[in-house]
Amino acid sequence: RNEVPFVIIAREPQVFNLALGYGGSADTIIWFLPKGTDIRSVPKANLITLADVERIGGFLAVGDWKTSKGVFTDHVIQVHAYGAGEFVGSDGIKNHRLTELLLATTKGVIVHIRPTGWGVHIFPFTEEVFTGFTGSVAFARLLAKYPRAHPLFEENYSGGFPAEEAE
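Enquirer: Just checking my understanding: could you explain the packing of aromatic side chains for this structure?
Expert: For any two aromatic rings, the description comes down to two numbers: the centre-to-centre distance and the angle of the planes. In this structure the tally under the stated criterion is six aromatic pairs. Ring centres of F32 and F59 lie 4.9 Å apart, and the angle between their planes is 15°; on these two criteria the pair is classed as stacked. Of this pair, F32 sits in strand β4 (residues 28-32) while F59 is found in strand β5 (residues 59-66), placing the two residues 27 residues apart along the sequence. Seen in terms of ring centroids, F123 and F125 are 6.5 Å apart; in terms of plane orientation they differ by 75°. Their pairing is edge-to-face. Under the relative-accessibility criterion, F125 is labelled partly exposed at 24%. Put simply, the rings of F6, F32 and F59 pair up and form one aromatic cluster. Its guanidinium or amino end placed over the ring of F59, K107 lies 5.2 Å from that ring's centre, counting from NZ or CZ.

What follows is the structure, encoded as structure tokens:
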């Protein structure tokens, strides 16, 4: 944090996107402070509002902690999914403060921590990556709905197969 000043606003927020039908725990919502900002001058993490971020500056990001040997494309896709959440909630209750902060994020971050070093990898949310994610969601739903191809056929013609192989 000395090198890259940030405030962890939320740990493990439950992020939901009902339109696409997914949800899960993002590792964090982080506020990256403007260079030269004294971290002691910002409100405590559980009190930070979007108005504070707008007043002080910097940017908000959805983050993921990784300890793997590398940082991979699927890590970026995962963070995009959380960044596209519609709201943050817990136990059936929407958290309005965290939802407002989530909706103001424009970037993702992977904080890569290894015994020999560290990295903070910041990236913009892009339509290309999000489209790749939503395509995988659609594909997974299709496979769950049609684990076998037979219901997709309009007509079937076969001969000689045992019944289980004909489908």
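Enquirer: Sorry, what's going on with the pattern of salt bridges here?
Expert: Side chains carrying opposite charge are able to pair once their charged atoms draw close together. Under the criterion given, the structure shown has three salt bridges. The partner of D38 in a salt bridge is R40, and the shortest N-O contact between them spans 2.9 Å. Note that K66 is salt-bridged to D64, the shortest N-O span being 3.0 Å. By relative accessible area, K66 is classed as buried at 16%. A residue is classified by how much of its surface remains accessible, and D64, at 4% relative accessible area, is buried.

Cut-offs used in this document
Residues numbered from 1 in each chain as written. Predicted model: local features only at pLDDT ≥ 70, side-chain atom pairs only at ≥ 80, totals over all residues. Heavy atoms only, no water. Phe/Tyr/Trp six-rings, centres within 6.5 Å; stacked < 30°, edge-to-face > 60°. Helix = DSSP H or I, 4+ residues; strand = E, 2+ residues; numbered from the N terminus. Buried < 20%, exposed > 50% of the residue type's maximum accessible area, 1.4 Å probe, protein only. Lys NZ or Arg CZ within 6 Å of the ring centre and 35° of its normal. Salt bridge = Lys/Arg side-chain N within 4 Å of Asp/Glu carboxyl O.

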